[in-house]
Amino acid sequence: MTSALNEEQILLRDSARDWVREKSPVSAFRKLRDSGDVDGFERAAWREMCELGWSGILIPEEFGGSGLGYRTLGLVLEETGRTLTASPLLSNAIAATGLLLGGNAEQRQHWWPKLADGSAIGTLAADEGAHHAPERIALAAAKTGSGYTLNGEKRFVPEGGTADLIVVAARTGGSAGDEHGLTLFLVEGNASGLSRRPLKTVDSRGAADLAFRNVELPGSAVLGSAGDGFALLDGILDRARACLAAEMLGAATQSFETTLDYLKSRVQFGQAIGTFQALQHRAAKMYTDLELTRSCVEAALDGLDRNVNDVPALCSLAKARAGELWHLVSNEMVQMHGGIGMTDAHDAGLYLKRARVAEALYGNAAFHRDRYATLMGY
Amino acid sequence: MSDLEIFRAEARAWLEANCPPSMRGDAPNAADEGAEVVWGGRRATYENPEAELWLDRMAGRGWTAPTWPKQYGGGELSADEARVLSQEIARIKARPPLFSFGLWMLGPVLLEYGNEAQKREHLPKIARGEIRWCQGYSEPGAGSDLASLRTRCEDKGDHFLINGQKIWTSYADQADWIFCLVRTDTTKKHEGISFILFDMASPGVEARPIKLISGSSPFCETFFTDVKVPKENLVGRLNGGWDIAKRLLQYERQNISSGGFGGGAGVELEEVAKRYAGEAAGRIADPDLRVRVAAHRMEARAFALTVRRLEEDAKAKKGPSPAVSIIKYEAAKLNQDRCELMIEAMGLRGLGWEGDGFAPAEISATRSWLRSKGNSIEGGTSEVNLNVVAKRVLGLLDHQ
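Every value quoted in this text rests on a predicted model; they were computed, and no experiment measured them.

1. Quick look at the packing of helix α1 (residues 3-18) of chain B against helix α3 (residues 79-91) of chain B
Residues and elements named next belong to chain B. Contact geometry of α1 with α3 gives a least axis separation of 9 Å together with a crossing angle of 35°. As α1 packs across α3, the resulting crossing turns out to be right-handed. Mapping the contact onto sequence places L4, F7, R8, A11, R12, L15 and E16 in α1 and D80, E81, R83, V84, L85, Q87, E88, I89 and R91 in α3. Classifying every residue of the contact of α1 with α3 gives seven nonpolar, one polar and eight charged.

Have a look at this one:
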């Protein structure tokens, strides 16, 4: 069951709503895209988000954060998702989560204050191919004396071009396809032997391919324990999935509301096109899907905060539904706007493009249906 | 311990002590023919005496209608206490003591629109399961366009006189009383409708069961010929029945939704799929069926989470929101999908009609599948529910 929001959460959500409206409307994202910026986000805006405390929502107070949890972070991500605000907020939180689930005292002390105040940007580098497949990780981590040497590649890493801390999933044993033999490492963005190639993806965000050529790491760079990192990685990924689903829910809600406004204002045949039943029923079905998805996203985030035992299933449910929802709504956004929706000048295209990237990240609906069935024992 | 936790402890102890053993376990599906379900009423029969005992005990405590005032036979629980009670009932898998249109639909509406005498007369009998109610809404010419109903109700001075016909009246042949929409003004449409209550034993009332594609059904055609009804049986004001009618539909749709159609009682889809379509390494062997079963189960989970979320909302706002129309729409779709997947998984074994050649569960799957086609028609068609969402939730206007 989802618990009602407390006063602190309502306050934070409202301040996020205000900030986004004033400082980060869709036009800000459009301007960033048109500037050809390769970072994929606006540094000044990110600084403000950090000052508002959003970068520290998952980080305990004694390390400079607020420790408010996943549901609270989800509220902010929903608001930033509404206007396609491009920022490291999600990636940063995923790195912080990695330390929460697997970090030792020293690692936390070193990174959490920096992630909380924005002096470092964090991210997770898991996938190596075009499809999300954590068990297929092949990037090799060879034991060398007291440390490790990393060789291999990571693809489509969000904030991969700018991150100062990269949580890297590598293989210290087994072979691609095995769940055992994975180890997670904390790698600094400026590590020797690491090269990064920013990608121009359709959503104009800051993804990059990373190449590791004999990257030397000390034993202290291991996050969690060596050799059995799959469960830790899965835990981090589930949190990433639920939080990304919150961003997608916000964006899908905005896509829907913008479209609904258009149905009420666009006049053809002498009346608003929203009076046509063919469009009314499609709008009502989208609304139904939105409500169902909201329940799933809130249940997943709440489940993470309360540490319920079916978190993996709830996170798969939330991510699968958010993907399918926004897929539908972004398509309908273009279709219901007609010709204007096909123009670059209209925002519909921006939502459509981000929708598909977010859908693929951390597993699309097909991935999560398969995972859900496996989790449920069929 | 908080007051709520004290209440929980008390409720748990009372339920443990008072719920008979045979009243625990998976709830029967009310839509299943022959399922042992208690509907109460003057003509109630109890194959299992513990079913009657369980009803008496729960009614004595006011817990058949947990949130109604005590003076009307309820338990006067707060929304939080009622939630705790339902959690505790679910914990021991206690079956509902009473299935009742009176509890689900008429009661809430009488509390809102009925006068004091009507509440005192009808609510306690509903809560105790003494009177079984049926719903007189649809007519042969008034389905989705319910407000075009024509059953005539004339003012004869000291009484009303009712003439006309209703259809799809669930259990009319077994009900004691009816809550009925009637036309009291023929010059207006919505503003000419009144909401009235009368005894089904009145002279001039006749109910005939209707056979459906699934073989039988709870539905009837109901005929009224010069039925005399006392004036005090009018609920609300004359010609003011449409608002009450719509309110009751919200309760009906909310109720259909929280129970769901079919409810998922009995065999689980994935187990059927494994048994009939094969299992490989713990998985449903047919990958296409497996994916569609998973997609259905995920949607069902999303639906269950949404029902709970909207229920919490409704409690906070003291009444169902128009958003419950999405629930009725979705509940129908889900049950139809489930039934289709069930017979598909069974293959031709899921298409038996009767006889020894098929297991009872297989016949039941066939009959449930056929019956489920009505889910998107009864209680407001899916199309009407989408209209309601478009207009009342999304604010889209009528086509001119």
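2. Points about the interface of chain A and chain B
Opposite the 40 residues of chain A that make contact, chain B presents 41 residues. Buried area between chain A and chain B, both sides added, is near 3,400 Å², and the carbon and sulfur share of it is 63%. Inspection of the chain A/chain B interface yields four salt bridges. Measuring nitrogen to oxygen at the nearest pair gives 2.4 Å for the salt bridge that ties B:R301 to A:D310. Scanning the region where chain A abuts chain B turns up 19 residue pairs in polar contact (both at pLDDT 80 or more). Elements with a minimum of two residues in the side of chain A that touches chain B: α7 (230-265), α8 (277-306), α9 (311-337) and α11 (365-375) of chain A. Of the residues belonging to the side of chain A that touches chain B, the class tally is 19 nonpolar, twelve polar and nine charged.

3. Description of the domain arrangement of chain A
All names here are of chain A. Segmenting chain A into domains produces domain 1 (7-120), domain 2 (124-228) and domain 3 (231-375). Relative to domain 2, the C-alpha centre of domain 1 lies at a distance of 23 Å. With 26 residues of domain 1 in contact, the opposing surface of domain 2 contributes 19 residues. Taken together, both faces of the contact between domain 1 and domain 2 bury some 1,700 Å²; the carbon and sulfur share is 60%. Inspection of the domain 1/domain 2 interface yields zero salt bridges. Applying the counting rule to domain 1 against domain 2 returns five residue pairs in polar contact (both at pLDDT 80 or more).

4. Thoughts on the pattern of salt bridges
All names here are of chain B. Scanning all chains against the criterion turns up 61 salt bridges over all chains. We note a salt bridge from R8 to E5, for which the minimum N-O separation is 3.4 Å. Of this pair, R8 and E5 both sit in helix α1, three residues apart, roughly one helical turn. Of the charged contacts in the structure, one is a salt bridge between R247 and E112, with a shortest N-O distance of 3.1 Å. Residue R247 is located in helix α6 (residues 241-259), and its partner E112 is located in helix α4 (residues 101-113); the two are separated by 135 residues in the primary sequence. Among the residues examined, R247 registers a relative accessible area of 17% and is labelled buried. In this structure, a network of salt bridges that share partners links the residues E5, R8, R12, E16, R24, E88 and R91.

5. Comments concerning the packing of α9(A) against α11(A)
All names here are of chain A. Interhelical geometry of α9 versus α11 gives an angle of 155° and a closest axis separation of 9 Å. On the basis of their axis angle, the class for α9 and α11 is roughly antiparallel. Where α9 crosses over α11, the handedness of that crossing is left-handed. Between α9 and α11, the residues in contact are P312, A313, S316, L317, K319, A320 and E324 and A365, H368, R369, R371, Y372 and L375, respectively. Grouping the amino acids of the contact of α9 with α11 by side-chain chemistry returns seven nonpolar, two polar and four charged.

6. So, the environment of A:T288
All names here are of chain A. Inspection of the secondary structure puts T288 in helix α8. For T288, a relative accessible area of 2% puts it in the buried group. Spatially, the C-alpha atom of T288 lies 23 Å from that of G363, the residues being 75 residues apart in sequence.

7. Section: the nonpolar core
Residue and element names in this part refer to chain A. Ranked by internal contacts, the top residues of the largest apolar core, which has 158 residues, are L150 and F185. Top contributing element to this core by residue count: α7, with 19 residues. Those residues in contact with F185 that lie beyond four places of it in its chain are A141, Y148, L150, I166, V167, V168, A170, T172, L217, A221, V222 and L223.

8. Quick notes on helix α3 (residues 43-51) of chain A
Helical geometry note: an α-helix holds 3.6 residues per turn, so side chains three or four residues apart project in the same direction. Residues and elements named next belong to chain A. Burial in α3 covers these residues: A45, W46, M49 and C50. Angular distribution of buried residues about the axis of α3 spans 145°; they occupy a single face of the element. The elements touched by buried residues of α3 are α1 (7-23), α4 (70-82), α5 (89-102) and α6 (105-117). G53 occupies a position one or two residues after α3 and carries a positive phi of about 95°.

What counts, and at which threshold
- Residues numbered from 1 in each chain as written.
- Chains lettered and ligands numbered in written order.
- Predicted model: local features only at pLDDT ≥ 70, side-chain atom pairs only at ≥ 80, totals over all residues.
- Heavy atoms only, no water.
- Axes fitted to C-alpha atoms, helices over the stretch in contact; angles between N-to-C directions.
- Helix = DSSP H or I, 4+ residues; strand = E, 2+ residues; numbered from the N terminus.
- Left-handed = near helix turned anticlockwise from the far one by under 90°.
- Contact = heavy atoms within 4.5 Å.
- Nonpolar A, V, L, I, M, F, W, Y, C, P; charged D, E, K, R; others polar.
- Buried area = accessible area lost by both parts, 1.4 Å probe.
- Salt bridge = Lys/Arg side-chain N within 4 Å of Asp/Glu carboxyl O.
- Polar contact = N/O pair within 3.5 Å; in protein donor to acceptor, adjacent residues only side chain to side chain.
- Domains from an automatic or database assignment.
- Buried < 20%, exposed > 50% of the residue type's maximum accessible area, 1.4 Å probe, protein only.
- Parallel < 35°, antiparallel > 145°, perpendicular 65-115°, else oblique.
- Core = buried A, V, L, I, M, F, W, Y, C linked by side-chain atoms within 4.5 Å.
- Arc of directions from axis to C-beta.

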